[in-house]
Amino acid sequence: MASGIADYSAELLPFVAEEAEVEAFCPAARRGRVVRAPAGIPVLHPRTFGERAHRYDAVFYHLGNNPFHAFVYQASLRWPGVAVLHEVVLHHLIENMLLGESRYDLNEYRRLVTDEYGPVGRRLGHLRAVGAVTGLELFVFPLSGHVVRASRAVIVHTSAAREQVEIAAHGVPVTVIPHHAGLAPPEVAGMSREEARARLGLPPGAFLVGQFGFITKPKQPAAVLDAFQRLLERRPDALLLMVGENQVGVGVQEMLRRRGLQERVRITGYVDRTRFHLFLKAVDAVVNLRYPSAGEASGTFTRALAEGRAAIVNNLGPFAEVPSDICLKVEVDGDQVEQVARHLVRLAGDRAFASRLEARAQAYAQTALDPRRCAEMYLEVARTTAQRPLPAAAGSRSRLGLPINP
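The shown structure was predicted, so the numbers you read here are calculated from the model rather than taken from an experiment. (Residues numbered from 1 in each chain as written. Predicted model: local features only at pLDDT ≥ 70, side-chain atom pairs only at ≥ 80, totals over all residues. Heavy atoms only, no water.)

Colleague: Help me understand the overall build of the protein in this model?
Modeller: Looking only at helices and strands, one finds 16 helices and 12 strands in the protein. Here the C-alpha coordinates of the protein stretch approximately 60 × 55 × 40 Å along the principal axes. Within the protein, the proportion of its 406 residues that are buried is 52%. Only carbon and sulfur atoms are counted for the fraction: they give 51% of the accessible area of the protein, which is about 18100 Å². Each charge class in the protein can be summarised by its mean position, and for the 48 positive and 42 negative side chains these summaries are 3 Å apart. (Helix = DSSP H or I, 4+ residues; strand = E, 2+ residues; numbered from the N terminus. Buried < 20%, exposed > 50% of the residue type's maximum accessible area, 1.4 Å probe, protein only. Areas by Shrake-Rupley, 256 points an atom, 1.4 Å probe, with all protein chains shown as cover. Lys, Arg positive; Asp, Glu negative; His and termini not counted. Charge placed at Lys NZ, Arg CZ, Asp CG, Glu CD.)

Here is the structure:
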C-alpha cells in the first residue's frame, strides 16, 4: 500500500517468515494501485480475519494515522493481540473514522475521549462540538490508551514512546524494537550517487537536498524552504527535492512562488519504493523536521541512514534518542531556519566532514537498525505472547461499533 508502515511491514516479513508461518491482512488497493507482498507471504482480506483470528499464536497489529489503518484499529480491540504503535498518537486516525467524510458521529467521539480522559476529555468533546479546536489537541491527547489496555502486548520504536505508553499500560508489557533501516530494492541496491543521478536526470555536480515522505505541516516546509534559500547564497547550483505526496495543497506552490524558488525546487508527488530509493541515493543531505510530533518513528530517516546520507532532524521525540554523531540536530525552540541553513552550508562546503557523518550513519543503520535483528525481536515477543493469557478486558466487538469490513 502507499504508506511508510506498509513498506516497513513488507520489508520485515521475509525475515519473520524464516522462523514462523506468516499470513498478512491488507485491504484492496485504492486509486488503481496494486497490493504487493513479499514472495511466499499470503495476503488475505481483512473481512476474513475474524474467522481465522483464533488460529494464530500471535497477531501483530501495525497502527498509524493513515486511514488505511482503520480496520487494524477495530480488529485490535475485538481480537486482542500485539499492538505495534508506529505512532503513540492515534487521535488523527480515530477522528477521521468518527468525524470524517464517510461518517460523522460526534456523540461516539465525545464518549471515547471522556472514557479516556475523564472531565478533561468531556471538555475536549465540547470544544470539538462547538468547533473551538486547532488540531494541536490531536497531538496533546494521544487517544491510544484504550488500545494499549486491550492488547496482550505493545511494541514501540523508542524508549520515550515506551515511557509514554506505560502510563496507560496497566501491566501490559511494552517492548522497544527500533524502526529497522529497511533494504533497497534489488534493482537499485549498490547503485552509486552518480548512477542514481544519471537515472533520474539530475545534475551530477549539484548539491542536492531531499525532503522525503508526505509533505505535511508538521514537517515544517516553510522552514525547510527558507533554510534552503540561504544555502543558495553559497551554492547557487543547489536543488531541493521534495519526494512524496503533497498534503498541504496549493500552499506549497505559493511558498515557492513567494520565495522565487520555482526553478530550484522539484516536487515529485508520490513515488514507488524503487524510485524513492533512487532519489535517496541521489541526494547529498536529507532534511527531516517533525514538529509537533505524534511520537512517530521515521522510516524515511532510517532509510537515509542506511544509504549513508547526512540527515538533519529535530532534537525531539524518536530523533532525540539517536546519537548526536549520527545525524545533525535542530532545536525546535531555537531558530530552525538558521540551524538547518548552517548544517546545509557546512555539508555543502566540507566534504570530509560530510563523508565522516555518512560513514557513521551507515554503520549505525547496519547494526542497531538491522532488519534481521529487529525481526528476531518480533519473534521473541510472539513467543512470549503465545504463552500469556488473554487480557481480562478482551473485547467482543469493535470499540466504535463498526464492522471489520473496509
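Colleague: Can you walk me through the nonpolar core in this structure?
Modeller: Soluble globular proteins tend to pack their nonpolar side chains together in the buried interior. Leu-63, Tyr-73, Leu-85, Val-154, Val-156 and Val-165 are the most contacted members of the largest nonpolar core, which has 39 residues in total. Looking at this core, the element that brings in the most residues is helix α3 (residues 70-78), giving 6 residues. Ranked by size, the runner-up nonpolar core spans 34 residues in total, among them Ala-227, Ala-310, Val-330 and Ala-341. (Core = buried A, V, L, I, M, F, W, Y, C linked by side-chain atoms within 4.5 Å.)

Colleague: Is there a simple way to think about the sheet that holds strand β5 (residues 153-156) in this case?
Modeller: The strands making up a sheet are joined through hydrogen bonds of the backbone, oriented either antiparallel or parallel. Pairing within the open sheet is parallel, and its 4 strands lie in the order β3-β4-β5-β6. Edge positions in the sheet fall to β3 (60-63) and β6 (174-176), since each of these pairs with one other strand and no more. Neighbour to neighbour, the strand axes of the sheet diverge by 25° on average, direction disregarded. Bridging between strand β4 (residues 82-85) and β5 involves 3 bridges; their strand directions are parallel. When the sheet's bridge partners are listed, Val-82 is paired in β5 with Ala-153. (Pairing = 2+ DSSP bridges. Axes fitted to C-alpha atoms, helices over the stretch in contact; angles between N-to-C directions.)

Colleague: What exactly am I supposed to notice about the pattern of salt bridges here?
Modeller: Where charged atoms from two side chains of opposite charge approach closely, those side chains can pair. The final tally for this structure, using the stated rule, is 21 salt bridges. Here Arg-235 makes a salt bridge to Asp-237, at a shortest N to O gap of 2.9 Å. Look at Asp-237 and you get partly exposed, because its relative accessible area is 27%. (Salt bridge = Lys/Arg side-chain N within 4 Å of Asp/Glu carboxyl O.)

Colleague: Just to check I follow, could you spell out the packing of aromatic side chains for this structure?
Modeller: Two aromatic rings, taken as a pair, are described by how far apart their centres are and by the angle between their planes. Tallying each qualifying case throughout the model produces 9 aromatic pairs. Each ring, one from Phe-25 and one from Tyr-56, has its centre 6.3 Å from the other, and the planes form 85°; the classification is edge-to-face. Taken together, the residues span a long stretch of sequence, with Phe-25 in strand β1 (residues 24-25) and Tyr-56 in the loop between α2 (49-52) and β3 at a distance of 31 residues. Tyr-56 sits in the partly exposed class, given a relative accessible area of 22%. Joined through ring pairs, the aromatic side chains of Phe-25, Phe-49, Tyr-56, Tyr-61 and Trp-79 make up one cluster. Lying across the ring of Phe-353, Arg-346 places its NZ or CZ 3.6 Å from the centre. (Phe/Tyr/Trp six-rings, centres within 6.5 Å; stacked < 30°, edge-to-face > 60°. Lys NZ or Arg CZ within 6 Å of the ring centre and 35° of its normal.)

Colleague: I keep staring at helix α1 (residues 4-16) and nothing clicks. Help me out?
Modeller: Because an α-helix packs 3.6 residues into every turn, residues spaced three or four apart end up facing the same way. Taking 1.5 Å per residue, 13 residues should reach 18 Å; α1 reaches 19 Å between its end C-alpha atoms and fits that length. Among the residues making up α1, those that are buried are Ile-5, Tyr-8, Ser-9, Glu-11, Leu-12, Leu-13, Phe-15 and Val-16. Along its buried surface, α1 packs onto β1, β3, α12 (273-282), α13 (299-306) and α16 (371-386). (Expected span 1.5 Å × (residues − 1). Contact = heavy atoms within 4.5 Å.)

Colleague: In this structure, what is going on with α3? I would like to understand it.
Modeller: The buried count for α3 comes to 8 of 9 residues, which makes it a mostly enclosed element. Where α3 is concerned, the buried positions are Ala-70, Phe-71, Val-72, Tyr-73, Gln-74, Ala-75, Ser-76 and Leu-77. In the core, the buried residues of α3 are packed alongside β1, α2, β3, α4 (91-99), α5 (106-129) and α7 (145-149).

Colleague: Just to check I follow, could you spell out the packing of helix α10 (residues 221-234) against helix α14 (residues 336-349) for this structure?
Modeller: Any two packed helices are characterised by the angle at which their axes cross and by the distance between the axes. It is the contact of α10 with α14, at a shortest axis distance of 8 Å, that shows an interaxial angle of 40°. Our classification of the angle between α10 and α14 gives oblique. As α10 packs across α14, the resulting crossing turns out to be right-handed. Mapping the contact onto sequence places Ala-223, Asp-226, Ala-227, Phe-228, Arg-230, Leu-231 and Arg-234 in α10 and Val-337, Glu-338, Val-340, Ala-341, Leu-344, Val-345 and Ala-348 in α14. (Parallel < 35°, antiparallel > 145°, perpendicular 65-115°, else oblique. Left-handed = near helix turned anticlockwise from the far one by under 90°.)

Colleague: Sorry, what's going on with the pairing of β4 here?
Modeller: Remark: a regular strand shows side chains that alternate across the two faces of the sheet. The side-chain alternation of β4 yields two buried faces, one formed by Val-82 and Val-84 and the other by Ala-83 and Leu-85. Handedness of the crossover joining β3 and β4 through α3: right-handed. (Right-handed = clockwise from strand over helix to strand, strands pointing away.)

Colleague: Before we go on, may I ask you to explain the side chain of Asn-65 in this structure?
Modeller: Checked against the element boundaries, Asn-65 lands in the loop between β3 and α3. Judged by relative accessible area, which is 15%, Asn-65 ranks as buried. Looking at Asn-65, its side chain comes within polar contact range of the main-chain nitrogen of Leu-93, at 2.8 Å. Aside from chain neighbours lying at most four places away, what touches Asn-65 is Glu-87, Val-89, Leu-90, His-91, His-92 and Leu-93. (Polar contact = N/O pair within 3.5 Å; in protein donor to acceptor, adjacent residues only side chain to side chain.)

Colleague: Even after reading the chapter, I still don't get the sheet that holds strand β10 (residues 285-288), so can you show me in this structure?
Modeller: Strand order in this open sheet of 6 strands is β9-β8-β7-β10-β11-β12, and the pairing throughout is parallel. Single-partner strands in this sheet number two, and they are β9 (265-269) and β12 (328-330). Pairwise comparison of adjacent strand axes, ignoring direction, gives a mean angle of 20° for this sheet. Taken together, the 4 bridges between β10 and strand β11 (residues 310-314) define a ladder with parallel strand orientation. Each residue of the ladder has a partner; that of Asn-288, found in β11, is Val-313. In the packing of α14 onto the sheet, the strands contacted are β7 (208-212), β10, β11 and β12, and the crossing angle to β12 comes to about 165°.

Colleague: Would you mind going over the environment of Pro-38 with me for this structure?
Modeller: Among the structural elements, Pro-38 can be located in the loop between β1 and β2 (43-44). Note: C-alpha distance between Pro-38 and Ala-206 (168 residues apart in sequence) is 36 Å. The residues contacting Pro-38, other than those within four sequence positions of it, are Ala-10, Leu-13 and Pro-14.

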